[in-house]
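Descriptive analysis of the structure
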Amino acid sequence: MSNTVVGHNLRKVDGVKLVTGGAAFTDDIDLLGLLYGKILASPYAHARIRRIDTSKARRLPGVHAVLTYRDVPRVPHTTAGQAWPEPSPYDTYLLDSKVRFVGDRVAAVAAETRAIAERAIQLIDVEYEVLPAILDMEQAMAPGAPVIHDEPDSTKIYDAEHNIAGYILREIGNVEQGFREADVIIEREFRTQRQQHTPIEPHITISWLDPDGRLVIRSSTQVPYHARRQVAMILQLPVSRVRVIKPRIGGGFGGKQEMLLEDICGALVLAARRPVKIEYTREEEFYMARSRHPQILRMKMGTKRDGTIVASQMTVLATTGAYGSHSTTVQGNTGSKVLPLYRAEHMRFECHVVYTNAPVAGAFRGYGCPQGFFAQEGVVDELAHELGMDPLEFRRKNAIRLGDIDKLSAQLGEGKEGLPRVIRSCGLPQCMERGAEAIGWGQKRAAGHAAGGTLRRGVGMACSMQGSGIAGIDWASAFLKMNEDGSFYLQVGASDVGGGADTVLSQIAAETLGVSLDQIVITSGDTDITPFDVGAYASSTTIISGGAVRKAAAKVREQVLQVASRMLDTPVEKLTCGENHVSTVCECSKSVSMSDIALHALYKEKFQIMDGASHFNTDSPPPFCATFAEVEVDNETGKVRVLHLATAVDPGTAINPMQAEGQVEGAVAQGLGFALVEELLLDPEGRPLNPNFLDYKIFSAKDMPRFTTILVETEEPLGPYGAKSISEVPINGPAPAIANAIYNAAGVRIRKLPIRPADVLEALKAKNQ
Amino acid sequence: MRTLSIDLTVNGEARHWTIAPGDLLLDVLRREGYFGVKRGCEKGECGACTVLLDGNPINSCLMFAAQAESREVLTIEGLAHEGSLDPIQSAFLEHGAVQCGYCTPGMILAAKALLARNPHPTEEEVREGLAGNYCRCTGYLKPVEAVLAVANAQPTGRRRRHE
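Residues numbered from 1 in each chain as written. Chains lettered and ligands numbered in written order. Predicted model: local features only at pLDDT ≥ 70, side-chain atom pairs only at ≥ 80, totals over all residues. Heavy atoms only, no water.

**Quick look at the overall build of chain B**
As a reminder, the rule being used: Under the DSSP-based scheme used, a helix requires at least four consecutive residues in state H or I and a strand at least two consecutive residues in state E, with every element numbered from the N terminus. Atoms counted for the radius of gyration: C-alpha only. Globule rule: 2.2 Å times residue count to the power 0.38. Each residue is assigned to one of three classes by its accessible area relative to the maximum for its type, calculated with a 1.4 Å probe on protein chains only: buried under 20%, partly exposed between the two thresholds, exposed over 50%. Contact between two residues is taken to exist if any of their heavy atoms lie within 4.5 Å; hydrogens are not considered. Charge counting treats Lys and Arg as positive and Asp and Glu as negative, with His and both chain ends excluded. For this purpose, a charge sits on NZ of Lys, CZ of Arg, CG of Asp or CD of Glu.
Looking only at helices and strands, one finds six helices and five strands in chain B. Listed by position from the N terminus, the elements making up chain B come as β-β-α-β-β-β-α-α-α-α-α. Whereas a compact globule of 163 residues would reach a radius of gyration of roughly 15 Å, chain B reaches 16 Å, a difference of no more than 12%. By its C-alpha atoms, chain B is 60 × 30 × 25 Å across when sized along the principal axes. Looking at chain B residue by residue over its 163 residues, the buried ones come to 57%. The contacts in chain B between residues at least 6 apart in sequence include a share of 52% that link residues at least 24 apart. Placing the 17 positive and 20 negative side-chain charges of chain B at their respective mean positions leaves the two points 3 Å apart.

The structure is reproduced here in structure tokens:
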């Protein structure tokens with residue numbers, strides 16, 4: 001029987017309040033006595049606080065709390081919103097006597113107005129001992145380099161003395177032997193930059209004490225449950241004394257997979273005994289929130305003359321900035337999710353993640369993969385050219401396929417050994433075929449076609465994959481109960497951050513229960529009300545939280561059928577749910593409405609139809625993606641104009657195809673910015689040079705090239721209704737596809753992001769000499 | 001603190017506000033409960049705080065509330081009439097043009113102003129009309145489709161095409 005809710009383009013369940021300006025976001029509440037919190041940020045990249053005098057600030061009328069490191073508990077922790085025990089180093093403190101980047105916390109105040117808070121910050125008198133800083137990641141491990149984490153109480157740092165937050169080395173087969181067997185070997189270096197998430201809603205937290213004295217935290221977070229655990233630990237409260245509420249979130253993209261303002265806001269509430277709001281300004285968001293880890297990658301691949309890849313090796317140097325949030329896990333992904341895309345017998349991944357006195361990197365959509373695929377897909381393109389093969393053919397020949405087992409993932413999990421990945425669904429061949437068709441690959445490959453004057457046009461492609469949840473770690477739960485009118489309350493810990501999770505999860509529940517979407521009333525992300533969920537990250541929500549919803553709904557459906565069975569005097573096996581009714585499947589064609597079933601259960605049988613379920617997977621099925629770009633390069637100026645990006649994605653089943661397309665388009669837009677323009681720049685002292693939207697460009701509606709989005713649906717056995725994931729994988733493609741298209745157009749290889757006209761021009765000049 | 005009183009119209013209703021001379025329109029609107037007006041950058045760069053002032057889209061973060069004296073302000077809360085959504089609001093839902101929804105009020109108001117002065121814009125004109133409203137979620141494809149769908153559904157549009 002075909003699905004009636006799953007697979008349909010239904011309106012977002014939270015859509016009406018969003019288009020009418022309903023009070024839906026963190027800041028959309030009014031609290032009596034609300035104070036305004038503000039953080040004093042370090043002006044130095046590396047310094048020790050020798051003396052700090054807050055007396056003038058404390059005396060300012062309207063100031064209710066001033067906190068420095070002397071006033072708060074010192075609890076080493078990570079801000080990374082990860083499952084306990086977090087694989088990221090515990091190298092961060094609520095407030096510390098040392099600052100490690102421009103923007104690091106020095107002190108915090110809470111005052112009656114924003115103006116008073118800003119004035120109070122200025123009145124804090126700080127004497128710094130400025131220390132030598134490291135901003136160049138290639139200098140971080142050098143002998144004699146200043147040690148950024150010299151404090152004795154941080155833990156889980158790989159080698160603090162040499163500024164190494166994390167180190168990874170994994171090998172399957174024997175790459176040395178593999179390269180000896182190879183006929184063609186290419187090794188290249190690639191560089192990627194510091195990209196910022198720029199959610200249109202900057203980070204914001206509002207916190208207060210409820211009448212029972214419990215700390216309530218209303219926050220723009222992707223990880224309410226992790227934030228609750230972390231805040232409780234840092235503020236030394238029992239978890240039961242903390243409640244985290246996630247309202248609607250104005251974009252996250254990984255930047256809110258971080259406990260970032262919740263701890264300091266809570267500390268100010270406890271000090272002032274008044275409600276406090278802290279929000280980042282746009283400028284603060286750029287360098288006091290998180291960014292994508294910059295990397296230097298050396299990618300080496302060897303093939304046989306017939307085009308069979310035998311060995312691939314990636315060596316990465318990455319910087320996590322001043323704190324190691326997500327350091328080994330993002331970089332682990334750079335290897336584990338990238339190299340296995342091609343079936344080399346021998347693979348090796350080595351990575352150093354170093355501290356620098358730069359803004360802190362963290363989770364960002366793609367989670368290490370955009371960097372890795374930029375390198376790998378560039379080398380793959382070069383190898384194809386070297387072998388005289390069509391890059392599309394070369395990829396088809398070597399790409400991972402149905403039934404394959406990815407062994408690298410078994411070695412490289414979330415900060416520890418992982419689990420092997422078995423490919424149970426794979427639409428990559430169709431993605432390549434349909435993407436190629438959309439871009440006109442066959443016709444347009446004829447190298448370097450002129451487009452008039454100094455303009456040259458070309459096409460390029462890239463393939464990528466991701467995961468769907470972290471195998472063996474990510475888990476979720478869901479709870480359902482039935483109301484008198486036949487509707488159901490669905491409670492999930494999952495965190496819709498704008499991607500439409502509430503809608504997708506409601507669709508899964510409605511489909512399973514045989515009711516229309518409007519019969520599901522969802523509540524998500526409130527630690528007092530909803531059951532546990534790790535949160536919105538690692539492309540996990542649809543497959544993991546959706547899996548929990550499907551299980552819970554199946555149990556509730558069973559209860560519904562039991563009651564209906566008694567009402568209709570028909571055995572359960574002869575009943576089915578659909579169209580808000582339970583009906584018999586025999587000739588007698590009896591039926592009873594969901595509302596009558598609910599009334600009967602509640603008032604005749606004295607029984608609440610309700611149940612919950614938990615769910616996790618021991619595998620992380622990859623969604624696949626093929627990205628095709630057509631570009632126009634101006635030989636005279638080096639300017640690159642992207643004309644068309646065609647993205648074909650295999651997300652398993654698309655629970656809501658329209659929303660799935662939206663995820664692709666948003667990811668492609670961010671990938672396009674990563675490819676061409678986005679970079680947070682620092683001056684030699686570590687100060688941000690462009691922390692605003694005038695100087696840090698994100699694309700507007702009129703900057704966008706033509707997009708084509710193609711969903712290639714497959715059936716994933718481990719996913720609810722066959723779904724895998726979609727939100728991350730399409731971000732990996734634009735940068736390498738555009739770089740490869742530039743080569744096709746103009747004959748130059750650009751291996752540094754973002755691809756600036758000046759770099760293209762320089763490469764063109766070098767080529768022509 | 002010095003205060004001043006102003007009279008203006010918000011969403012068709014007369015309002016009398018007591019404000020400080022330096023108060024920004026964005027801050028006063030939010031203080032008065034118009035939460036659909038969003039704070040995104042406070043520098044007139046992102047467009048999240050867009051409202052219509054006498055029908056024209058403006059960044060309310062760049063304007064003093066005092067400058068709204070005797071003017072007509074339309075926020076997203078004033079767009080739906082008697083419970084029925086404006087066609088642009090409906091189109092945003094039907095076309096999947098809303099993801100996180102934070103830029104949505106500003107973008108819908110920009111579209112409203114665009115269609116008021118140009119009922120049948122080309123795709124280029126729609127993109128130009130929305131260029132002051134950053135969205136980090138959608139890549140703009142579906143918002144542009146939604147606005148074009150509204151334009152194409154307007155009866156005068158059909159007439160004009162037949163001319």
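From this point on, the discussion continues.
**Remarks on the overall build of chain A**
Quick reminder of the rule: Calculation of accessible area relied on Shrake-Rupley with a 1.4 Å probe; when residues are assessed, cover is drawn exclusively from the protein chains displayed.
When helices and strands are counted, chain A shows 19 helices and 29 strands. In terms of overall dimensions, chain A is globule-like: its C-alpha atoms have a radius of gyration of 27 Å, near the 27 Å expected for 769 residues. Viewed in the frame of its principal axes, chain A has a C-alpha envelope of about 90 × 75 × 50 Å. Within chain A, counting contacts between residues at least 6 apart in sequence, those at least 24 apart form 79% of the total. Put simply, chain A shows about 25,600 Å² of open surface, and 50% of that area lies on carbon and sulfur atoms. Computing the positive centroid from 82 side-chain charges and the negative centroid from 91, chain A places the two 1 Å apart.

**A word on the interface of chain A and chain B**
Note the following rule: Buried area is a sum: the accessible area each of two parts loses on coming together, probed at 1.4 Å, counted once for each and added. Any carboxyl oxygen of Asp or Glu that lies within 4 Å of a side-chain nitrogen of Lys or Arg is treated as forming a salt bridge with it.
Between chain A and chain B, the residue contacts involve 53 residues of the former and 43 residues of the latter. Between chain A and chain B, a total of about 4,000 Å² is buried, with carbon and sulfur atoms accounting for 57% of that surface. Interface area lost by chain A to chain B is led by A:Arg11, A:Val19 and A:Ile200, which between them contribute 18%. On inspection of chain A and its partner chain B, the count reaches 10 salt bridges. In this structure, B:Lys38 engages A:Asp28 in a salt bridge whose closest nitrogen and oxygen atoms are separated by 2.8 Å.

**Comments concerning the side chain of A:Asn357**
Residues and elements named next belong to chain A. Rule in force here: N or O atoms closer than or at 3.5 Å make up a polar contact, with two conditions inside protein: a donor-capable atom paired with an acceptor-capable one, and, for residues adjacent in sequence, both atoms drawn from side chains.
Structurally, the position occupied by Asn357 is in the loop between strand 15 (346-355) and helix 9 (369-387). For Asn357, a relative accessible area of 0% translates into the label buried. Engagement of the side chain of Asn357 in a polar contact is seen with the backbone oxygen of Ala45, the distance being 3.2 Å. Of note is the side chain of Asn357, whose polar atom sits 2.9 Å from the backbone oxygen of Arg100. Leave out the neighbours within four places in its chain, and Asn357 touches Ala45, His46, Arg100, Phe101, Pro132, Ala133, Ile134, Leu135 and Ile148.

**Things to note about the pattern of salt bridges**
Counted under the stated rule, the structure contains 66 salt bridges over all chains. Between A:Glu189 and A:Arg191 there is a salt bridge; the shortest N-O distance is 3.0 Å. For A:Glu189, a relative accessible area of 31% translates into the label partly exposed. Overall, A:Arg191 belongs to the partly exposed group, its relative accessible area being 28%. One network of salt bridges, in which partners are shared, links A:Arg114, A:Glu118, A:Glu279, B:Asp27, B:Arg39 and B:Glu42.

**Section: the domain arrangement of chain B**
It is common to give the size of an interface as the accessible area lost on bringing the parts into contact. Residues and elements named next belong to chain B. Rules: An automatic or database domain assignment provides the domain bounds reported here.
In terms of domain boundaries, chain B breaks down into domain 1 (4-78) and domain 2 (87-153). Here domain 1 and domain 2 have C-alpha centroids that lie 21 Å from each other. Both sides of the domain 1 and domain 2 interface together cover about 1,100 Å² of buried area, and 67% of this is carbon and sulfur. Its largest share of buried area at the contact with domain 2, domain 1 owes to Lys38, Thr50 and Ile76, together 40% of the area lost on that side. In this assembly, domain 1 and domain 2 are joined by four residue pairs in polar contact (both at pLDDT 80 or more).

**Considering the sheet that holds strand 15 of chain A**
Residue and element names in this part refer to chain A. Note the cut-off: Following DSSP output, two strands are said to pair if at least two bridges run between them. Each axis is a line fitted through C-alpha atoms, and for a helix only the stretch in contact is used; angles between axes span 0 to 180 degrees, taken between their N-to-C directions.
Taken in spatial order, the five strands make up an open sheet running 7-15-14-13-8, and their pairing is mixed. Edge positions in the open sheet fall to strand 7 (164-172) and strand 8 (184-192), since each of these has one partner strand only. Adjacent strand axes in the sheet meet at a mean angle of 5 degrees when their direction is disregarded. Pairing between strand 14 (residues 309-321) and strand 15: 10 bridges, direction parallel. Residue pairing across strands places Gly321 opposite Tyr355, the latter belonging to strand 15.

**Brief notes about the sheet that holds strand 24 (residues 581-584) of chain A**
Residues and elements named next belong to chain A. The three strands lie next to each other as 23-24-25, forming an open sheet whose pairing is antiparallel. Among the strands making up the open sheet, the edge pair consists of strand 23 (575-578) and strand 25 (591-593). In this sheet, adjacent strand axes meet at a mean angle of 20 degrees when their direction is disregarded. Of the pairings in the sheet, the one linking strand 23 to strand 24 comprises four bridges and is antiparallel in character. Across the sheet, residue Thr576 finds its bridge partner in strand 24, namely Ser583.

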